[in-house]
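Secondary and tertiary structure notes
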Amino acid sequence: MNIALLGSTGSGKGTLIHALAEKLSLHPISLGEVLRSKASYGTALGLLTRDYVTNGELVPDEFVDAMVEEVFRHLPPGTHTVLDGFPRTVGQARFLDDLLAELGQNLDAAIYLHVPEQVIHDRVKHRSQPRHDDEPHILRHRLHVFRRMAGPVLRHYAENGRLVLVHADRPTHEVELTVQKVVEDLRQGQHPAFTDADFQFLDQTFKARSVVPIETDPALNLVLLGGPGSGKGTQAVNLCKAFEVPHISTGDLFRDHIRKQTDLGQLAKSYMDRGELVPDDVTERMVAARLAQPDAQRGFILDGFPRTVSQAEALDEILHELKRRVTGVVHLKVSDEEILRRLSGRRICRQCQAPFHLLFKKPRREGLCDRCGGPLYQRDDDKAETIQIRLRNYHRQTEPLIAYYHSSGVLTEVAGEGDPVGIRAAMLAACKLFSEEPEDAAIS
Ligand SMILES: [Zn+2]
């Protein structure tokens, strides 16, 4: 039996998971703990995650998925589990379904602990050990993002009859008893009914906010999509030069905020220092602040954000606040075989970090750096096994995002293989179509 506990911060999940683990002999899998323990393990994934965290970069969702997979694959057969902190998105929910099916199991139920937001505010205010992110304005934003992300996940489980709604605005022991009863019933093969009233309740609580379309926004507000090794970064730099708009990458934003020790930077760092994932709402606020700056008024090229449909919706909201919208999305398409060829050939000098490539930039002496003679090595990131994991998860995450932009009519695809000059020209041509003043864009 496998169960997922869903609920926002302050819903009491943390306490409940331990009570359930003890009383019902369920094996607890808490994402936060998995991340913290992995980072200290010697596994490739653990090392990689630590690299991301220490370099001030976001840990990509595909690594989170891969870690959850690792945990499940190492459990003794027949282990009953209870999950906390995963899945947070529909993509992750689907991933979990696929993974469990592969292992001959399934997720029996997703138990959603609902607590009204006002109650959460009160609870958090009276927490015995205040957390660094409990301040009211941060909490408000966090709950807003939870609502946006949780709605689709809950619908995913409601549609195939696996959702259980528990009103958790009650004393802890009562909630515990209710959930215990649910699990015991499930073990007897009885699934608690999910009523029409429950459906209506969820619809009301998680109603999507309508985004009013904005008629004209002459700026080139561009989102660049492309997998690992697609060459997206290089193309972004070219396009920014041609259209004189800033290149906004989430990696740079993070490093910038942390270096300048802004409020958001310090907040992000506090998660990283604890070995936790930086929550989406922190990233979103960095993007929102950046897009509001004067140099982004003529347009921008976003690279590394959005990565999920939920983040795409967040971007729509952010731009809507600014009376703007996404005017174009370019998907730089490269086949998996080509990506594998590009990434797995990379080598780096252990002494001076100079980059080489077995096909495109061979060192003069095999295995040795041209510059300092140091030994070359392959980063864990570039090993075939890791690339496969990244690709698989990239596709699962990005396909819904591509569908999202396709349906809003702003998507175009550019083939990212072959002659670099041709790719560059195709990118410029695609973006010119989105730009309202094509004559102004100098193609050089
Ligand atoms: Zn070197």
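Here the structure is a predicted model, which means the values were calculated and not measured.

The subject of this paragraph is the coordination of the zinc ion. Protein ligation of the zinc ion involves C349 (SG), C352 (SG), C369 (SG) and C372 (SG), the donor distances falling in the range 2.2 to 2.4 Å. Of note is the zinc ion, whose four donor atoms meet at the metal with angles of 100 to 116° in an arrangement that counts as tetrahedral. For the zinc ion, the single-chain donor residues occur in sequence as C-x2-C-x16-C-x2-C. Residue C349 is found in strand β10 (residues 346-349), and its partner C372 is found in the loop between β11 (355-357) and β12 (376-377); the two are separated by 23 residues along the sequence.

It is the contact of helix α13 (residues 280-291) with helix α14 (residues 309-321), at a shortest axis distance of 10 Å, that shows an interaxial angle of 35°. Of the two elements, α13 crosses α14, and the hand of that crossing is right-handed. Mapping the contact onto sequence places D280, E284, V287, A288 and L291 in α13 and Q311, A314, L315, I318 and L319 in α14. Residue classes in the contact of α13 with α14 are distributed as seven nonpolar, one polar and two charged.

Moving on, we get to the pairing of strand β9 (residues 328-333). Of all six residues in β9, five are buried; the element is thus mostly enclosed. Alignment of β9 against strand β13 (residues 411-415), held across five bridges, turns out to be parallel. Note that in β13 the partner of H331 across the bridge is E413.

For the chain, the domain assignment lists domain 1 (2-205) and domain 2 (220-440). Relative placement of domain 1 and domain 2: their C-alpha centres are 29 Å apart. Taken residue by residue, the interface counts 35 residues in domain 1 and 34 residues in domain 2. In this structure, the connection of domain 1 to domain 2 is made through four salt bridges. Of the charged contacts, one joins E284 and R148 as a salt bridge, the two residues approaching to 2.7 Å between their closest N and O atoms. Linking domain 1 with domain 2 are five residue pairs in polar contact (both at pLDDT 80 or more). Looking at the side of domain 1 that touches domain 2 element by element, the count peaks at eight residues for helix α7 (residues 136-159). Grouping the constituent residues of the side of domain 1 that touches domain 2 by class yields 17 nonpolar, seven polar and 11 charged.

All right, on to the nonpolar core then. Burial of nonpolar side chains together is a common tendency in soluble globular proteins. Grouped together as the largest cluster of nonpolar side chains are 34 residues, with contacts concentrated most on F72, L83, L96, Y112, Y157 and L163. No other element matches helix α5 (residues 90-102), which puts six residues into this core. Every residue in contact with L163, bar those within four places of it in the chain, is listed here: A110, Y112, L154, Y157, A158, H191, F194 and L202. L264, A268, L302 and F305 belong to the second largest nonpolar core, which has 31 residues in total.

A sheet is described by the order of its strands in space; here three strands give the open sequence β11-β10-β12, paired in antiparallel fashion. The open sheet has two edge strands with one neighbour each: β11 and β12.

Time to look at the packing of aromatic side chains. Ring pairs (aromatic) are described by centroid distance and by the angle formed between their planes. Under the counting rule described, the total for this entry stands at four aromatic pairs. A ring pair is formed by F86 and F95, whose centres lie 6.4 Å apart and whose planes are at 85°; its orientation type is edge-to-face. Looking at F95, the relative accessible area reads 3%, which means it is buried. Geometrically, the ring pair formed by Y404 and Y405 is edge-to-face, given 5.3 Å between the ring centres and 80° between the ring planes. Given a relative accessible area of 21%, Y404 falls into the partly exposed group. If you follow R350 out to its NZ or CZ, it ends over the ring of Y377, 4.1 Å from the centre. Positioned over the ring face of F356 is K361, at 5.1 Å from the centre of the ring.

Cut-offs applied
- Residues numbered from 1 in each chain as written.
- Predicted model: local features only at pLDDT ≥ 70, side-chain atom pairs only at ≥ 80, totals over all residues.
- Heavy atoms only, no water.
- Donors = N, O, S within 2.8 Å, 3.2 Å for Na, K, Ca; no water.
- Tetrahedral: all angles 85-135°; square planar, octahedral: opposite > 155°, others 65-115°.
- Helix = DSSP H or I, 4+ residues; strand = E, 2+ residues; numbered from the N terminus.
- Axes fitted to C-alpha atoms, helices over the stretch in contact; angles between N-to-C directions.
- Left-handed = near helix turned anticlockwise from the far one by under 90°.
- Contact = heavy atoms within 4.5 Å.
- Nonpolar A, V, L, I, M, F, W, Y, C, P; charged D, E, K, R; others polar.
- Buried < 20%, exposed > 50% of the residue type's maximum accessible area, 1.4 Å probe, protein only.
- Pairing = 2+ DSSP bridges.
- Domains from an automatic or database assignment.
- Salt bridge = Lys/Arg side-chain N within 4 Å of Asp/Glu carboxyl O.
- Polar contact = N/O pair within 3.5 Å; in protein donor to acceptor, adjacent residues only side chain to side chain.
- Core = buried A, V, L, I, M, F, W, Y, C linked by side-chain atoms within 4.5 Å.
- Phe/Tyr/Trp six-rings, centres within 6.5 Å; stacked < 30°, edge-to-face > 60°.
- Lys NZ or Arg CZ within 6 Å of the ring centre and 35° of its normal.

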